[in-house]
Amino acid sequence: MRVLRFGPSIVFIKPRKIGKEIENLFGVKPVPLNKALEDSQEFETILVPTESEEGTPFDADRSVYLIKKRADIVFKEIINAGLPVKKIIVEAKHIILRVPANPEKAAEDIIQRYGGKRTGFAGGLMEGEEKDTLILITTKKLNLPLKMEDIDEGILIKQPFIELYRDLVVHLPIIMHKTMPEGWNELTIKVYDTEKRYEENLERLFLVLD
């Protein structure tokens, strides 16, 4: 079961009338925000044209552009094409966490461990800044499309994405255990090595467990 993946980068771009230039440059058409979130994959980019200096309240039906490229490549192509951009606002990076059950328990553990507050999905994207991280919790499979309503919990944490992600990966088994402890009474570790250096791998495993 895959339990962790990244969401797309969500970027406000000013002015709002730049939409036509975006369509011509990337060969895309505007779609509702909820549709863009549902169709997006890891490390892709959702561009939101706006006239606001601080972004705009999120509306599931708002027209946005889903670009199937990383944000840095999107920015490069926008700059190289000379598009008349006045301002770019990067939203908090978000991590999607799948738990088997009890998403509220996972949220409580994450808040206790890292601080932050419950904001929901839209609230976290509105309040968050580029230096923050938004953890979204769902019980749905991560290899299937996710809609805004599939998100059970959204926690906005005032920590840089890379720093938080590295720590979250280490503590993920504990968080998962607290959501469904009855399913974690036994742990099986399998070691595969095409070089057949099993003794060496076993020693490394014992070292890590110690």
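Residues numbered from 1 in each chain as written. Predicted model: local features only at pLDDT ≥ 70, side-chain atom pairs only at ≥ 80, totals over all residues. Heavy atoms only, no water.

Undergrad: Got a minute to help me understand the packing of helix α4 (residues 103–114) against helix α6 (residues 161–179) in this structure?
TA: What describes two packed helices is the angle between their axes and the distance between those same axes. The interhelical angle for the contact between α4 and α6, taken along N-to-C directions, is 140 degrees, at an axis separation of 10 Å. Classified by the interaxial angle, the pair formed by α4 and α6 is oblique. The handedness of the crossing between α4 and α6 is right-handed. Contacts from K105, A106, D109, I110, R113 and Y114 of α4 reach α6 at L164, D167, L168, H171, I174, I175, K178 and T179. Of the residues in the contact of α4 with α6, the class split is 7 nonpolar, 2 polar and 5 charged. (Axes fitted to C-alpha atoms, helices over the stretch in contact; angles between N-to-C directions. Helix = DSSP H or I, 4+ residues; strand = E, 2+ residues; numbered from the N terminus. Parallel < 35°, antiparallel > 145°, perpendicular 65-115°, else oblique. Left-handed = near helix turned anticlockwise from the far one by under 90°. Contact = heavy atoms within 4.5 Å. Nonpolar A, V, L, I, M, F, W, Y, C, P; charged D, E, K, R; others polar.)

Undergrad: Please clarify how the sheet that holds strand β3 (residues 31–32) should be interpreted in this entry.
TA: A sheet is described by the order of its strands in space; here 5 strands give the open sequence β3-β5-β4-β2-β6, paired in mixed fashion. What marks the edges here is a single partner per strand, and that holds for β3 and β6 (87–90). Sheet topology places strand β4 (residues 45–49) next to strand β5 (residues 63–67); 3 bridges connect them, and they run antiparallel. Opposite T45, over in β5, you have I67 as the bridge partner. Against the sheet, helix α3 (residues 71–80) makes contact with β2 (9–14), β4, β5 and β6, and its axis sits at roughly 50 degrees relative to β4, the strand it touches most. (Pairing = 2+ DSSP bridges.)

So far we have only geometry, and geometry alone does not tell us how the molecule works.
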